[in-house]
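Take a look at the letters that make up each chain.
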Amino acid sequence: MEELAKAYNPHEVEDRIYKDWEAKKYFHADPDPAKKPYSIVIPPPNITGILHMGHALNDTIQDILIRFKRMQGFKAEWMPGTDHAGIATQNVVERKLAKDNIKRQDLGREKFVEEVWKWREEYGSTIIRQLKKLGCSCDWDRTRFTMDDGLSDAVLEVFSRLYEKGLIYRGNYIINWCPRCQTALSDEESQHKDVDGALYYIKYPIKGQVARVKGQGKKDGEEDFVIVATTRPETMLGDVAIAINPKDKRYKDLKGRTVLLPILNRELKIIQDGLVDLKFGTGALKVTPAHDPVDFELGRKYGLDEINVMNDDATINGIGGDYEGMDRFEAREAIIEDLKERGLFVKSEPHRHAVGHCYRCHTMIEPRLSPQWFVRMKPLAEPAIEAVKKGKIKFYPARWTKVYLEWMNNIRDWCISRQIWWGHRIPVYYCKNCGKDTVEGQGAGAKAQGIIVSKIRPEKCPVCGGVDIEQDPDVLDTWFSSWLWPFSTFGWPKETPELKYFYPTDSLVTAQEIIFFWVARMIMAGIEFRGDIPFRNVYIHGTVRDITGTKMSKSLGNVIDPLDMIEKYGTDALRFSIISITAQGQDVFLSEGKFELGRNFANKIWNASRFILMNLKPEDVSADLCVFFEKMSLSLPEKWILSRFYTTLSYVTGCLDEYKFNEAANAIYEFLWHEFCDWYIEIAKADIGSKQSQVILYKILEKSLRMLHPFMPFITEEIWQKLPRDKDSRGDSIMIQAWPHLQKQMISEDAEEKMSDIIEIITAIRNIRSVWNIEPQRAIKASINIHGADEEKFLSENSTIIKRLARLETLEIGKIKKPKNAALSVVGKLEVYVPLEGLIDLEKEKARIMKEASRIEAEISSIVKRLKNDSFVSKAPKEVVEKQASYKAELEIQIKKIKQNLKDLGA
RNA sequence: GGGCAAGUAGCUCAGUUGGUUAGAGCAUUCGGCUUACAUCCGAAAGGUCACAGGUUCAAGUCCUGUCUUGCCCACCA
């Protein structure tokens, strides 16, 4: 019999085992009509990423699910891969080039993209290697990348289809512009953060006839003006109007007048619209259609000019006159200074407001008018809303359903074009002959002349035959490829066997941050392009935070690196710890010490297994447990541990089906450590060589390892490999064994109740020993006073166990009076006496018992009160009333005994 | 401004559908190298379940309100 090493060394074990699994293709799944499929797609990490705790949690959950389902007999497919992360990756490579003083413009588009591919070859699979270290059993043979040929095909296909349907259009709209990345962003990529800014009050002179405006009327020597409040004075360079609310009495006289834009002296119209908030600022709004969404709307409504005053890098352009070339914030200061000089600056007051920031570089977003490509979302959203409402897709926890629906009901068009080079180039070509300028002013949904949508570069224009054709320089949002992930990875648009077999997938496991980015869009894409939902269940787990509740991030320096933890504690420890402290859908507050939980548990399992293996006789353990269970007459602890195992198994299986991973993990922990190790193994030590002990120890260990395997894959495999087993079992790895089959006939409430009495008795005696400071070596006597014959039987049968574990010299069981100078403990219906001649402080013991007595008396009185209540007796379920009554009877016996004892003590 | 989540032992958190004495890990105290494990074993102490009402025979659990914290969403310039 092969023995286990003295101590478990995860580092020695993990790589070896993982390589073995990989070599034997255990992770790979092909369609198999004889089996049911179970598939998960990985939320593709981006290629610039490195494994952080969020991944560790996310991927551990998925690995638990997929291993569990694989063991349950499903054809389990976990599709892995990465996404190309357009902006992030381009930034990384640009930074790298900058070290050699090279700009991407120096290289040109083609060379630069080549550089990115090179970078990706070298570093892009870091995260994949790290997932392997985590033990993830992904089907690496199918690893996909969003820029792979197949997935790129899917992107082009989808773009054409949507364009043909009129769901993709190009137009000049206000978008979120990141001046640092110099690209448009979608609304989701603009993250609102509160910023301490200021509200600046500026005077706009009124042209011509004097206007009397309440509170701002003309004083002697002053010009007439209207005061406007703004947070971004620099955008005034693009002002084309002043808007007021038609209901605003203050500005009655302003109607029909013209206002002069300070500094530039442009004439501004006065427009009236209900959109203007009477209460904000002065109630007068400067209208800058090219730089603000509300103003843009007003502009289109009233046919105003749209004057863009900024360059791509948010410096002021030629329109800004003297301010040309200044950065937006620099221009702000300069303009304020100039206004002050001209006496047109009223005041500024502190103003806290939410401002969009680039989700990649955190630069402040500039709302800006720009020609971009959009997807009309409403038609796509409708069926996706239905699918969730009808329960075809379920969220766990369910509360996310509301969040999803809320967003989907208010969905806005998706800006999908990005002014970067790394990504899927937009498959649109412009025929210069037919007229490129048709782009301007074109409405949503309209197809424009001169636009050719084609997967490959057309030779000539299909309309005019012209050859002067140019491709759109922009690329698509990375999410425009990610949203196809659940089917593009299986070969769509080709109808592959994998696609047919594994789609729709079963579970999607992800973090709340990307419900809008990814989950919602996948649902829309799945239904639109594949005609079916992409997954049935969405499990949203919490965010990993540090111990103060702050989200872990590299810039804050509060990260706990999972790879460091693996190095320090082992992969299984990391996995088990993070799972057991993560309640369903709740955020996780992490500190390094929490990984000791998993490490200690691994150590415990290792040692228990080592002990069992040291004592195991392989020839004795090949029995079939069910047959064995029927034929042998088992002792109470044996029945008990079998019952406990199957109770736990049933519970764990249920938890995994409901995505309650922490509860499953904790149930296994509790069972293995505090029931199997603390009690059963200790009890079994007495006759460990017996056939019965051998079989039970072996079977429980082997089955428990299988139950634990999804959580702690490495240590369970390592131990399992050392167990004696039949050669012709399913294979040579625990990961392809069956999930233990539930044997309901072995669950026995009676055994569990009786055994818990035994445990309580032993604990009570140990307690007395501890209270009275009796050395552990010292043998003591004890007696148990019983009331029924049934009790006598099972207590006598197990008296050797009680004696050994409580370290008793003798144990008397029967109708026994309290011996003199004995300590008392009440266990259920029983009294346990430990005579301690000369060791007890009578007064102290009296106090101890009296405390116990008052507790019980209080309880009795509350039960009596309840039982006297007619409503309770008539309305509560019968078994609750019965339980109360019998519990009361039990307590009354206890209190009687205790009082007797107190009398004996002279109270 | 809207929404969501949370407030339970010194700390971090569990607590199924309301039903006997509210649990765990860490920390604390006491005692132990008992032939697997000191990453261990045994024992103890520690809680008006944020607050106020309500529903109910019965509330940590359901409802309403209040307070505190965190998160998400949002075109008040």
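To keep things clear, this report deals only with the structure shown in the data block. (Residues numbered from 1 in each chain as written. Chains lettered and ligands numbered in written order. Predicted model: local features only at pLDDT ≥ 70, side-chain atom pairs only at ≥ 80, totals over all residues. Heavy atoms only, no water.)

1. Notes on the protein's contact with RNA strand B
The immediate surroundings of RNA strand B are formed by 56 residues, with Asp-277, Phe-589, Lys-594, Lys-875 and Tyr-887 found nearest. In the interface set of RNA strand B, defined as its atoms within 4 Å of the protein, sugar plus phosphate atoms amount to 63%. Contact distances for RNA strand B include 3.1 Å between a base nitrogen and a side-chain N or O atom of Lys-685. Residue assignment for the surface near RNA strand B shows that the elements contributing at least two residues are β8 (225-230), β13 (345-358), α18 (595-615), α21 (661-684), α24 (749-771), α27 (842-868), α28 (870-875) and α29 (878-904). It is α18 that provides the largest number of residues to the surface near RNA strand B, a total of 9 residues. (Near = heavy atom within 4 Å. Polar contact = N/O pair within 3.5 Å; in protein donor to acceptor, adjacent residues only side chain to side chain. Helix = DSSP H or I, 4+ residues; strand = E, 2+ residues; numbered from the N terminus.)

2. Here we look at the packing of helix α1 (residues 10-23) against helix α23 (residues 713-722)
Relative orientation of the contacting elements α1 and α23 amounts to 80°, with a least axis distance of 10 Å. In terms of axis orientation, α1 runs roughly perpendicular to α23. Of the residues in α23, those touching α1 at Val-13, Glu-14, Arg-16, Ile-17, Tyr-18 and Trp-21 are Pro-713, Phe-714, Glu-717 and Glu-718. In terms of residue class, the contact of α1 with α23 is made up of 6 nonpolar, no polar and 4 charged. (Axes fitted to C-alpha atoms, helices over the stretch in contact; angles between N-to-C directions. Parallel < 35°, antiparallel > 145°, perpendicular 65-115°, else oblique. Contact = heavy atoms within 4.5 Å. Nonpolar A, V, L, I, M, F, W, Y, C, P; charged D, E, K, R; others polar.)

3. Thoughts on a positive patch on the surface
On the surface, a cluster of positive charge is contributed by Arg-95, Lys-96, Lys-99 and Arg-180. Take Arg-95: its relative accessible area is 57%, and that puts it in the exposed class. (Patch = residues over 30% accessible without salt bridge, like charges linked within 9 Å, V, L, I, M, F, W, Y side chains within 5 Å. Areas by Shrake-Rupley, 256 points an atom, 1.4 Å probe, with all protein chains shown as cover. Salt bridge = Lys/Arg side-chain N within 4 Å of Asp/Glu carboxyl O. Lys, Arg positive; Asp, Glu negative; His and termini not counted. Charge placed at Lys NZ, Arg CZ, Asp CG, Glu CD. Buried < 20%, exposed > 50% of the residue type's maximum accessible area, 1.4 Å probe, protein only.)

4. Quick word on the packing of helix α10 (residues 378-389) against helix α15 (residues 515-530)
The geometry of α10 relative to α15 is characterised by a closest axis approach of 9 Å and an angle of 105° between their N-to-C directions. The pairing of α10 with α15 is recorded here as roughly perpendicular in orientation. For the pair α10 and α15, contact is made by Leu-380, Ala-381, Pro-383, Ala-384, Ala-387 and Val-388 and by Ile-523, Met-524, Ile-527 and Glu-528, respectively. Partitioned by chemical class, the residues of the contact of α10 with α15 number 9 nonpolar, no polar and 1 charged.

5. Considering the environment of Asp-572
Note that Asp-572 resides in helix α17 (residues 571-580). Considered as a pair, Asp-572 and Glu-797 are 225 residues apart in the sequence and their alpha carbons are 41 Å apart. Sequence-distant contacts of Asp-572, defined by excluding residues within four places in its chain, comprise Tyr-8, Glu-14, Met-712, Pro-713, Phe-714 and Ile-715. Within the local environment of Asp-572, its side chain forms a polar contact with the backbone nitrogen of Ile-715, the two atoms lying 2.7 Å apart.

6. What to know about the pattern of salt bridges
Inspection of the entire model under this criterion finds 51 salt bridges. Of the charged contacts, one joins Glu-682 and Lys-685 as a salt bridge, the two residues approaching to 3.1 Å between their closest N and O atoms. With relative accessibility at 28%, the residue Glu-682 sits in the partly exposed group. Residue Lys-685 is classed as partly exposed on the basis of its relative accessible area, which comes to 37%. Residues participating in the shared-partner salt-bridge network are Asp-30, Glu-77, Asp-139, Arg-142 and Glu-498.

7. Let's talk about the packing of aromatic side chains
For the structure shown, the criterion picks out 48 aromatic pairs. On the basis of an interplanar angle of 55° and a centroid distance of 6.4 Å, the ring pair of Tyr-200 and Phe-345 is categorised as tilted. Here Tyr-200 is found in strand β7 (residues 190-205), whereas its partner Phe-345 is found in strand β13, with 145 residues between them in sequence. Like Tyr-200, the residue Phe-345 is buried in the burial classification. For the ring pair Tyr-539 and Tyr-659, a centre distance of 5.3 Å and an interplane angle of 5° mean the geometry is stacked. Of the two residues, Tyr-539 is situated in strand β23 (residues 535-541) and Tyr-659 in the loop between α20 (636-657) and α21; the sequence distance between them amounts to 120 residues. Both residues of the pair, Tyr-539 and Tyr-659, count as buried. Following the ring pairs from residue to residue traces out a cluster consisting of Phe-159, Tyr-163, Trp-373, Trp-414, Phe-480, Trp-483, Phe-487, Trp-492, Tyr-503 and Phe-529. The ring of Trp-140 is capped by Lys-132, whose NZ or CZ atom sits 5.1 Å from the centre of that ring. (Phe/Tyr/Trp six-rings, centres within 6.5 Å; stacked < 30°, edge-to-face > 60°. Lys NZ or Arg CZ within 6 Å of the ring centre and 35° of its normal.)

8. Observations regarding the sheet that holds strand β16 (residues 414-415)
Pairing within the open sheet is antiparallel, and its 4 strands lie in the order β6-β5-β14-β16. At either end of the open sheet lies a strand with only one pairing partner, and these are β6 (183-185) and β16. Sheet topology places strand β14 (residues 366-375) next to β16; 2 bridges connect them, and they run antiparallel. Bridge pairing in β16 places Phe-374 opposite Cys-415. (Pairing = 2+ DSSP bridges.)

9. Quick look at the pairing of strand β11 (residues 267-272)
In terms of strand pairing, strand β9 (residues 241-244) meets β11 through 4 bridges, oriented parallel. Each bridged residue has a counterpart across the sheet, and for Ala-241 the counterpart in β11 is Lys-269. In terms of strand pairing, strand β10 (residues 258-260) meets β11 through 3 bridges, oriented antiparallel. The partner of Val-259 across the bridge, within β11, is Leu-268. Hairpin connection of β10 to β11: 6 residues between the antiparallel strands, including Ile-263 at a positive phi of 70°.

10. So, the nonpolar core
With 202 residues, the main nonpolar core has Phe-480 and Phe-711 as its most contacted residues. For this core, the element with the highest residue contribution is α21, accounting for 16 residues. Phe-480 has contacts with Val-155, Val-158, Phe-159, Leu-162, Ile-168, Val-375, Trp-414 and Ile-416, leaving out every residue within four places of it along the chain. If you look at the next biggest cluster of nonpolar residues, it comprises 40 residues, including Met-236, Ile-263, Leu-268 and Leu-339. (Core = buried A, V, L, I, M, F, W, Y, C linked by side-chain atoms within 4.5 Å.)

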